[in-house]
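Residues per chain are reported as follows:
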Amino acid sequence: MSGVQMLTLGPDAQDQRLDRWFRKTWPHLRQGQIEKMCRKGEIRLDGGRVKSATRLSEGAVLRVPPLPAPDTDVPRAKPKPRISDADAEMIRACVIYRDDDIIALNKPAGLAVQGGSGQTRHVDGLAPALAFELEDGPKLVHRLDKDTSGVLVLARNGRAAAGLARAFQSRRTRKIYWAAVASVPAPKAGTIRFGLVKAAGHGPNGAGEKMICIHPDDVDRTPGAKRAVSDYMVLDAAGKRTSWVALSPITGRTHQLRAHMAEIGTPIVGDGKYGGNSQTNEGDGWGAQLGGDISRKLHLHARSLTFEHPVTGARLHLTAPLPDHMARTWETFAWDPREIAEDPFEDLE
């Protein structure tokens, strides 16, 4: 047991949850122990009582009561898998922006963002290789589907994590996706407002989950349904068989863009979940495979992200080049990214 400590918090504590800060500072403490000390008033912030979810701030004085010594009888957590040199080199090569507070990656298609559902190799697990000069690796603040490539931003400290989380939650970010879709949407620009609800009967932890589109008029009376809004615009086309579209999700629901494009009859190329693995599109507005030399991988890419830097306040605009399988498709149809505006929706606002 150590004595009572009065700690003045530094910048790394800014906007961190109290329980997470405690577990990081004293890894042997269990969540239940922290919550008990909060309930009893033994932990205090600037003299006041706190909860485990209380947010800390730089300069505040934290009262830390005598803490139990590490219990050698408590089973130790399994050591994290070692990151191979090849994986470390791969994830570092994905970095497209880095400063003291954030790191941005061009996430490869096929690499999961987090573990679960049998995923053992993912961005979160590889984050320690992105620590560079810092002690800890960056933290996730938003997600991309496993098979979606493109811009993914991670926070390098608590202040940046909190700021980015607020920005994503309040929709103060601008996301532009590029996709190749079957056929050509009509009209060539519009807004999709179908709500989304998770289909029943799928595996644990969301394994194999699929979203079902709900007419906007039926969302409020459909249990579990949430409103979802996506803007789209056709940028180029190859006859009636396929087209290059820009997509901007106004809301951020699971599989939103994939479900929305399939619902209007133009599924994203390579989307076996929403467009069917075996269906080849011949220009009739359905079927997610184009056949021939076109890759069967998902053709959805988070092309750009525009947001306010969580610490400096500067406006950042980050872009990520197309993955190889999409770049080959673009070459096949002579679609040139250099001819497209960074934000094709800007003139419509």
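Residues numbered from 1 in each chain as written. Predicted model: local features only at pLDDT ≥ 70, side-chain atom pairs only at ≥ 80, totals over all residues. Heavy atoms only, no water.

### A short note on helix H2 (residues 31-39)
Argument step 1. Every buried residue belonging to H2 is among Ile 34, Met 37 and Cys 38, and all of these are buried. The buried residues of H2 occupy an angular sector of 100° when the element is viewed end-on, so they sit on one face.
Argument step 2. Positive backbone phi, approximately 80°, marks Gly 41, located one or two places after H2. (Buried < 20%, exposed > 50% of the residue type's maximum accessible area, 1.4 Å probe, protein only. Helix = DSSP H or I, 4+ residues; strand = E, 2+ residues; numbered from the N terminus. Arc of directions from axis to C-beta.)

### Some thoughts on the environment of His 301
Argument step 1. Tracing the chain through its elements places His 301 in strand S15 (residues 300-308).
Argument step 2. Sequence spacing of His 301 and Asp 147 is 154 residues, and the spatial spacing of their C-alpha atoms is 9.0 Å.
Argument step 3. In contact with His 301, not counting residues within four places along its chain, are Asn 106, Thr 148, Ser 149, Gly 150, Ile 176, Tyr 177, Trp 178, Ala 320, Pro 321, Leu 322, Pro 323 and Met 326. (Contact = heavy atoms within 4.5 Å.)

### Digging into the pattern of salt bridges
Argument step 1. As enumerated under the stated definition, the model contains 14 salt bridges in all.
Argument step 2. Residues Glu 133 and Arg 98 are paired through a salt bridge, measuring 3.4 Å at the closest nitrogen-oxygen approach. Of the two residues, Glu 133 is situated in the loop between helix H4 (123-126) and strand S7 (139-140) and Arg 98 in strand S5 (residues 95-98); the sequence distance between them amounts to 35 residues.
Argument step 3. Accessibility expressed as a relative area gives 41% for Arg 98, which makes it partly exposed. (Salt bridge = Lys/Arg side-chain N within 4 Å of Asp/Glu carboxyl O.)

### Comments concerning the UniProt feature "active site" (unreviewed entry) in the protein chain
Argument step 1. Sites flagged by UniProt as "active site" (unreviewed entry) map to Asp 145.
Argument step 2. Along the chain, Asp 145 falls in the loop between S7 and strand S8 (149-155). (UniProt positions renumbered as here; feature names shortened; annotations may be inferred.)

### Here we look at the sheet that holds strand S4 (residues 61-64)
Argument step 1. One open sheet accounts for four strands, arranged S1-S4-S2-S3; its pairing is antiparallel. Both edges of this open sheet fall to strand S1 (5-8) and strand S3 (48-49), since each of them pairs with a single strand only.
Argument step 2. Here strand S2 (residues 44-45) runs beside S3; their pairing, made up of two bridges, is antiparallel. Bridged to Arg 44 within S3 is Arg 49. (Pairing = 2+ DSSP bridges.)

### Topic: unusual backbone geometry
Argument step 1. Residue Ala 186 is joined to Pro 187 through a cis peptide bond whose omega torsion reads 0°.
Argument step 2. Here Pro 187 is to be found in the loop between strand S9 (174-182) and strand S10 (189-192).
Argument step 3. Positive phi, close to 65°, is recorded for Asp 15, a residue that is not glycine.
Argument step 4. Turning to its location among the elements, Asp 15 is positioned in the loop between S1 and helix H1 (18-25).
Argument step 5. Even without a glycine there, the phi angle at Asp 46 is positive, about 50°.
Argument step 6. With respect to the helices, strands and loops of the structure, Asp 46 is situated in the loop between S2 and S3.

### Observations concerning the pairing of S15
Argument step 1. Taken across its nine residues, S15 has eight buried, putting it largely inside the fold.
Argument step 2. Here S8 pairs with S15 via two bridges, running parallel. From the neighbouring strand, Gly 150 faces S15, where its bridge partner is Ala 302.
Argument step 3. Pairing of S9 with S15, which is carried by six bridges, proceeds in the antiparallel orientation. Each residue of the ladder has a partner; that of Ile 176, found in S15, is Ser 304.
Argument step 4. One ladder, built from five bridges, connects S15 with strand S16 (residues 315-319); its direction is antiparallel. Bridge assignment links Phe 307 to a residue of S16, and that residue is Leu 316.
Argument step 5. The turn linking S15 back onto S16 is made up of six residues, and Gly 313 within it adopts a positive phi angle of 85°.

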